[in-house]
Amino acid sequence: MRLSALEYVESKQLRKDLTDFRTGDTVRVHWKVKEGEKERVQPFEGVVIRKTKGANRATFTVRKVSYGVGVERIFPLHSPRYEKIDVVTRGSVSRNRLFYLRDLKGKASRVDVQEEMLEAAGLDAAAPAPEAAPAAPPEASAAAAEPAKKPKGKKAKGEKAAG
Amino acid sequence: MTDVKGLIGKKVGMTQVFTEDGSLVPVTVIDASSCTVVGKRTPEKDRYSAVTLGFGEVKEKRLSRAELGTFKKAGTAPRRHLKEFRLSPEEAAAFTVGEPVKVDLFTKGDLVDVTGITKGRGFQGVMKRWNFRGYGQTHGTHEYRRHPGAIGQRKTPGRVYPNKKMPGHYGVEQVTTQNLTVVDVDVEKGLLLVKGAVPGHGDGLVFVHPAVKVALRAAHVRSRTGK
């Protein structure tokens, strides 16, 4: 099939280093911010609630709750303005678009983490203290779903670091 | 002496591209890959100077012998569309008959005017055709929501003025969009990326010229500074 001129123009714009992630995943987008002459990286972490398709027009929406206020940002998937995307956790969801999260608050607005990831986290946590193992995974997922709750997140990280 | 240098192209369609600084701009892709110089008009022979450009492919059997002769003389494949661009003999010297016209006539950041034939909209009312405001949708408006209102005065003048804006056929007219920025030039593929929309439908014929107003502005500055 001959590539039409439009497809050709769009194909030149695509990023090669795409991270594989899906809706429901918690990701950290390392967005490059220009301040005067300097350029620095500002990470934005939250749950992916929507991915749209369409060659170089593809976008994804990341939602987080910051100091009790919901914040959503739409990123172009092929934008040269982000350095990289880290996948923090893989979410287990049965929808393609998670707009229902907007109506939920607190614990209810958490996204389940995929079981494989839980197990991996559980094994990590089991090494230093066996009793802490069942408690750690839900806490970790809570921290992921609500990055605003920083103390919890730090605690979880501290435990991992200890292991 | 209306036309200056330019090229003939085909509107491919619109998309969006990232610029160097990462911002996303809407662009129209214009394909000018088959634009070739078919002939020249010289002051000695034709009493004016111009370059004839051809565009688009066409089967030989669709052309008359006279038409075919033109292309044979130029040594190019038959072209569907022909257009003359009035140029001074010095400017015309840059073009050779039989050679393709490269899109690097324009460079990134240039301002261009793009002329095309707008999409046909058929018989339209005054609101769509002339941007009239119409009437309120509520408060008792009865069968008068998209009407033009009064179209004249009373016994004086007792007639409707010529060129009064009224319903009628809209579209399929030549329109020029001015001062569009060239976002990217692909010489290899003969593609021109222009920021914003361009008149006409996809596959429609468009003419790209350097922006008239840029030249005007430059002339104005020259007259003021005396340089």
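Just so it is clear, the model here is predicted, and its values are computed rather than measured. (Residues numbered from 1 in each chain as written. Chains lettered and ligands numbered in written order. Predicted model: local features only at pLDDT ≥ 70, side-chain atom pairs only at ≥ 80, totals over all residues. Heavy atoms only, no water.)

*Asks:* What's the story with the overall build of chain A in this structure? I'm lost.
*Replies:* The helix and strand inventory of chain A stands at four helices and five strands. Counting the 163 residues in chain A, one finds 35% classified as buried. Considering only contacts within chain A whose residues lie at least 6 apart along the sequence, 55% involve residues at least 24 apart. If you sum the accessible surface of chain A, you get close to 10,200 Å²; carbon and sulfur atoms cover 52% of it. (Helix = DSSP H or I, 4+ residues; strand = E, 2+ residues; numbered from the N terminus. Buried < 20%, exposed > 50% of the residue type's maximum accessible area, 1.4 Å probe, protein only. Contact = heavy atoms within 4.5 Å. Areas by Shrake-Rupley, 256 points an atom, 1.4 Å probe, with all protein chains shown as cover.)

*Asks:* Can you help me understand the sheet that holds strand β1 (residues 7–18) of chain B in this one?
*Replies:* Consider a sheet: its strands pair through backbone hydrogen bonds, and that pairing is either parallel or antiparallel. All names here are of chain B. The sheet built from six strands closes into a barrel, its strands ordered β1-β2-β10-β9-β6-β11 with antiparallel pairing. Taking the axes of each pair of neighbouring strands and ignoring which way they run, one obtains an average angle of 50° across the sheet. In terms of strand pairing, β1 meets strand β11 (residues 205–210) through four bridges, oriented antiparallel. Pairing of L7 across the sheet is with V208, part of β11. Against the sheet, helix α5 (residues 212–225) makes contact with β6 (111–117), β9 (174–186) and β11, and its axis sits at roughly 90° relative to β9, the strand it touches most. (Pairing = 2+ DSSP bridges. Axes fitted to C-alpha atoms, helices over the stretch in contact; angles between N-to-C directions.)

*Asks:* Would you mind showing me how to read the confidence of the model for chain A here?
*Replies:* Detailed reading of the predicted model is not advised wherever pLDDT is low. Residue and element names in this part refer to chain A. Averaged over every residue, the pLDDT of chain A is 76; the share at 70 or more is 71%. The spread of mean pLDDT over the elements of chain A runs between helix α4 (residues 150–162), the lowest at 43, and strand β4 (residues 69–76), the highest at 93. Long-range and interchain partners of residues 125–163, a stretch whose pLDDT sits below 50, account for 25 contacts in this model, where long-range means more than four residues apart. (pLDDT = per-residue confidence, 0-100.)

*Asks:* Sorry if this is basic, but what is going on with the interface of chain A and chain B here?
*Replies:* With 14 residues of chain A at the interface, the matching set in chain B holds 16 residues. For the pairing of chain A and chain B, the buried interface totals around 1,300 Å² over both sides, and the portion due to carbon and sulfur atoms is 65%. One can count one salt bridge joining chain A with chain B. Across the pair K12(A) and D186(B) runs a salt bridge whose closest N-O atoms are separated by 3.3 Å. At the boundary of chain A and chain B, one finds seven residue pairs in polar contact (both at pLDDT 80 or more). Here the side of chain A that touches chain B takes five residues from helix α1 (residues 5–11) of chain A, the largest share from any one element. Class assignment for the residues of the side of chain A that touches chain B results in six nonpolar, four polar and four charged. (Buried area = accessible area lost by both parts, 1.4 Å probe. Salt bridge = Lys/Arg side-chain N within 4 Å of Asp/Glu carboxyl O. Polar contact = N/O pair within 3.5 Å; in protein donor to acceptor, adjacent residues only side chain to side chain. Nonpolar A, V, L, I, M, F, W, Y, C, P; charged D, E, K, R; others polar.)

*Asks:* Looking at this structure, I do not really get α5(B). What am I missing?
*Replies:* The end-to-end C-alpha distance of α5(B) is 20 Å, a good match for the 20 Å that 14 residues give at a rise of 1.5 Å each. Trailing α5(B) by a residue or two, G226(B) shows a phi angle of about 75°, which is positive. (Expected span 1.5 Å × (residues − 1).)

*Asks:* Help me out: how do you make sense of the pattern of salt bridges in this one?
*Replies:* Tallied over the entire structure, the rule returns 13 salt bridges over all chains. Between E35(A) and R40(A) there is a salt bridge whose closest N-O contact spans 3.1 Å. Accessibility expressed as a relative area gives 37% for R40(A), which makes it partly exposed. The residue K10(B) makes a salt bridge to D203(B) at a minimum N-O spacing of 3.6 Å. Residue K10(B) is located in strand β1, and its partner D203(B) is located in the loop between β10 (191–195) and β11; the two are separated by 193 residues in the primary sequence. Since its relative accessible area comes to 27%, K10(B) is described here as partly exposed. According to the relative accessible area criterion, D203(B) is exposed, its value standing at 56%. When salt bridges with common partners are traced through the structure, they connect R28(A), E45(A), K84(A) and D86(A) into a single cluster.

*Asks:* I tried to follow the packing of aromatic side chains on my own but got confused; where do I start?
*Replies:* What describes a pair of aromatic rings is the distance from one ring centre to the other and the angle between the planes of the rings. Under the defined criterion, the tally for this structure stands at five aromatic pairs over all chains. Between W31(A) and F75(A), the ring centres sit 5.2 Å apart and the planes meet at 55°, which makes this aromatic pair tilted. Taken together, the residues W31(A) in strand β1 (residues 26–35) and F75(A) in strand β4 connect sequence positions 44 residues apart. Taking relative accessible area as the criterion, W31(A) reaches 11% and is therefore assigned buried. Judged by its relative accessible area of 0%, F75(A) falls in the buried class. A ring pair is formed by Y135(B) and Y144(B), whose centres lie 5.0 Å apart and whose planes are at 65°; its orientation type is edge-to-face. Take Y135(B): its relative accessible area is 37%, and that puts it in the partly exposed class. With relative accessibility at 32%, the residue Y144(B) sits in the partly exposed group. Through a chain of ring-to-ring contacts, three or more aromatic side chains come together here, namely F21(A), W31(A), F44(A), F60(A) and F75(A). Above the face of the F85(B) ring, K83(B) is positioned so that its terminal group lies 5.8 Å from the ring centre. (Phe/Tyr/Trp six-rings, centres within 6.5 Å; stacked < 30°, edge-to-face > 60°. Lys NZ or Arg CZ within 6 Å of the ring centre and 35° of its normal.)

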